Amino acid sequence: MTSFLKYYSMALTTIQFGQCGNQVGHEIFSTLVKDIIAPKPGISLHDNDEYVQSACSQWFEHNDGLDKLCARAVLVDTENKVVEELLRKQSSNSQWMYNRKSCAIGSGGAGNNWALGYQRKGPELLESVSEALRVENEKADRLAGILSITSSAGGTGSGVGSFIMENIHDEYSKKTFFNALVLPFEEGEVVTQSYNTLLTLAKVWSVSDATLLLQNDHLNSMLLNLLHYKNVGISDLNSIIALKMAGSFQPLQGTTFSPNMTVSDIVSHIAPHPAYKFFSIKSSPHIPRESKKFEGSSQWNILTKHMRQMLRMNSFSPDSVAVDWELKQPSSVPPSMHSLQQFWCSVSNLLLTRGPGLSNAQCKPSFDFLEKANHPRWVPQEAAFTHCHQTRRFNDQDKFACLVTNNSQVHIPLNNVVEKAWKMFTHKAYLHQYTKYGLLEEDFVDAFVKIETVIKAYRELNV
């Protein structure tokens, strides 16, 4: 693997917070390595070497002593159980590993309490996290930015993650700063999850360039509807997250019809305005493992039109059946398009296609995405939509697409969080668990105001 790092691209350092962040991060790195060593890339040996070198230097460093890749990551938790389990698992992996020295572990947990994580555990861990991050970043020839991975439900990912990101932001203010934030199931994993999520959303909004929102309920529906899982576990949810992120952030290439974009380029493109910094990733097709050998030969233009449909707005009629196009497989014929269809208003859309056989003559997705004025008037048309491509196969498939989108639909999950948190707050439910660690009621009010302002901005995009 030594030759993998012959050429250098912009490096990205990942910080994994809490149980969820560490488990999701582990799955992401596992998916990246699986892609890097894929036996059937579908491109020339030279082109594949360049792709592998770029992917490795972005996400990994090379461990000369063990001759395997070492994830460019800092692992943070207030308990050592999950981190030790991941370190033990990777010690026997022949392809990649974590650096044990890049771990910052506290004790006692954060009690599913944002205030405990932010006010107590975060300050306790700040010095060790900062040092581990400094060491990781100094190993990079060119640092592009920092990606944090966390859940908003508990106390470590939400509270500690918020504190750390806030306190390291100034030191890395010239680098790309973005997050992958996992939102809990709406029916509840933790009784105080609405408070934790509200406070986390408000804090990361202030200190980040962009935040990817990942909704557990939606990911669960994808596994049930597309991959036909009968029982969905945490690892299954993590696998979908990893696939979306790898499909979006693995190296792209410049072609006659699409630009080459780095991770920093993607983040700046998808969040070009300081009032709109939340985004999501739509992806397709997701094919059950047992069906991959029978993968259909649908045309690229059918897949890109299917991705366009994922921006369709459901009817405003309360009696209508909501259709989520990401929960449908691409059909054998292009979806119908008519003048009555409405689409979520988008600040920016970035379509990323992966696989051989796509040509500008065969497929011009910009025609579909820019067909209607579904972006604000202040967004230039050339900035409203960009298509990037990579001819290398991905996920053992000939065709795979991700739509990285910043659109007005994001107000729905944000509003759900605010409504539930406000209902609890007006009854002062569980507030004592937060105030005893020094959080004030005014802090909650500030968070409500901040996220309500964000919701209003996104809602007004469709006006």
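Notes on the structure in this doc start here. (Residues numbered from 1 in each chain as written. Predicted model: local features only at pLDDT ≥ 70, side-chain atom pairs only at ≥ 80, totals over all residues. Heavy atoms only, no water.)

**A short note on the overall build of the chain**
Part 1 of the reasoning: Along its length, the chain carries 15 helices and 13 strands.
Part 2 of the reasoning: Its C-alpha atoms give the chain a radius of gyration of 22 Å, near enough to 23 Å, the size a compact globule of 463 residues would have.
Part 3 of the reasoning: Taken over the C-alpha atoms alone, the chain extends approximately 65 × 60 × 45 Å along its principal axes.
Part 4 of the reasoning: Relative to its full complement of 463 residues, the chain shows a buried share of 56%.
Part 5 of the reasoning: By sequence separation, contacts in the chain at least 24 residues apart represent 85% of the contacts at least 6 residues apart.
Part 6 of the reasoning: About 19900 Å² of surface is accessible on the chain, with carbon and sulfur atoms providing 50% of the total.
Part 7 of the reasoning: Across the chain, the mean location of the 43 positive side-chain charges is 4 Å away from that of the 45 negative side-chain charges. (Helix = DSSP H or I, 4+ residues; strand = E, 2+ residues; numbered from the N terminus. Rg over C-alpha atoms; globule rule 2.2 N^0.38 Å. Buried < 20%, exposed > 50% of the residue type's maximum accessible area, 1.4 Å probe, protein only. Contact = heavy atoms within 4.5 Å. Areas by Shrake-Rupley, 256 points an atom, 1.4 Å probe, with all protein chains shown as cover. Lys, Arg positive; Asp, Glu negative; His and termini not counted. Charge placed at Lys NZ, Arg CZ, Asp CG, Glu CD.)

**Description of unusual backbone geometry**
Part 1 of the reasoning: Between Ser284 and Pro285 the backbone carries a cis peptide bond, its omega angle lying at -5°.
Part 2 of the reasoning: Relative to the elements of secondary structure, Pro285 occurs in the loop between strand E10 (278–284) and helix H10 (300–309).
Part 3 of the reasoning: One non-glycine residue, Asn112, lies in positive phi territory at about 55°.
Part 4 of the reasoning: In this structure, Asn112 sits in the loop between strand E6 (103–105) and helix H4 (114–138).
Part 5 of the reasoning: Residues other than glycine seldom take positive phi values, yet Tyr430 does so here, at roughly 65°.
Part 6 of the reasoning: With respect to the helices, strands and loops of the structure, Tyr430 is situated in the loop between helix H13 (411–426) and helix H14 (432–435).

**Structural notes on the packing of aromatic side chains**
Part 1 of the reasoning: One pass over the structure, following the stated rule, counts 21 aromatic pairs.
Part 2 of the reasoning: With centroids separated by 5.5 Å and ring planes inclined at 65°, the aromatic side chains of Phe29 and Phe60 adopt a geometry described as edge-to-face. Of this pair, Phe29 sits in helix H1 (residues 18–36) while Phe60 sits in strand E2 (residues 60–63), and the two are 31 residues apart along the sequence.
Part 3 of the reasoning: You can call Phe60 buried: its relative accessible area is 0%.
Part 4 of the reasoning: Relative to Trp96, the ring of Phe60 lies with its centre 6.5 Å away and its plane at 65°, an arrangement referred to as edge-to-face. With Phe60 in strand E2 and Trp96 in strand E5 (residues 96–97), this residue pair connects regions lying 36 residues apart in the sequence. (Phe/Tyr/Trp six-rings, centres within 6.5 Å; stacked < 30°, edge-to-face > 60°.)

**What to know about the layout of surface pockets**
Part 1 of the reasoning: In this model, the largest pocket occupies a volume close to 1000 Å³.
Part 2 of the reasoning: Sorting elements by how many residues they give to the lining of the largest pocket places H13 first, with 6 residues.
Part 3 of the reasoning: The residue inventory of the lining of the largest pocket, partitioned by class, reads 19 nonpolar, 16 polar and 9 charged. (1 Å grid on protein atoms, 1.4 Å probe; cavity = no way out; pocket = protein on both sides within 12 Å on 5 of 7 lines; lining within 4 Å. Points joined across faces, edges and corners; volume = space filled by probe spheres on them. Nonpolar A, V, L, I, M, F, W, Y, C, P; charged D, E, K, R; others polar.)

**Here we look at the packing of H13 against helix H15 (residues 441–459)**
Part 1 of the reasoning: Orientation of H13 relative to H15, taken along the N-to-C sense of each, is 150°, at an axis distance of 10 Å. When the axes of H13 and H15 are compared, the pair comes out roughly antiparallel. Crossing of H13 against H15: the hand is left-handed. Residues His411, Leu414, Asn415, Val418, Ala421, Trp422 and Phe425 of H13 touch H15, and the partners they reach there are Glu441, Phe444, Val445, Phe448, Ile451, Glu452, Val454, Ile455, Tyr458 and Arg459.
Part 2 of the reasoning: Among the residues forming the contact of H13 with H15, the class breakdown is 12 nonpolar, 2 polar and 3 charged. (Axes fitted to C-alpha atoms, helices over the stretch in contact; angles between N-to-C directions. Parallel < 35°, antiparallel > 145°, perpendicular 65-115°, else oblique. Left-handed = near helix turned anticlockwise from the far one by under 90°.)

**As for H4**
In an α-helix, one turn spans 3.6 residues, which is why side chains three or four residues apart end up on the same side.
Part 1 of the reasoning: In this model H4 runs just 31 Å from its N-terminal to its C-terminal C-alpha over 25 residues, more than 12% under the 36 Å that 1.5 Å per residue would give.
Part 2 of the reasoning: Its side-chain oxygen 2.8 Å from the backbone nitrogen of Ala115, Asn113 forms the N-cap of H4. (Expected span 1.5 Å × (residues − 1). Polar contact = N/O pair within 3.5 Å; in protein donor to acceptor, adjacent residues only side chain to side chain.)

**A look at the pattern of salt bridges**
Part 1 of the reasoning: According to the stated counting rule, one finds 12 salt bridges in the structure shown.
Part 2 of the reasoning: Measuring nitrogen to oxygen at the nearest pair gives 2.4 Å for the salt bridge that ties Arg134 to Glu131. On the criterion of helical spacing, the pair formed by Arg134 and Glu131 is a turn pair, its members being 3 residues apart in helix H4.
Part 3 of the reasoning: Residue classification places Glu131 among the partly exposed positions, given a relative accessible area of 38%.
Part 4 of the reasoning: Where Glu166 meets Lys203, a salt bridge forms, and the shortest distance between an N and an O atom there is 3.3 Å. (Salt bridge = Lys/Arg side-chain N within 4 Å of Asp/Glu carboxyl O.)

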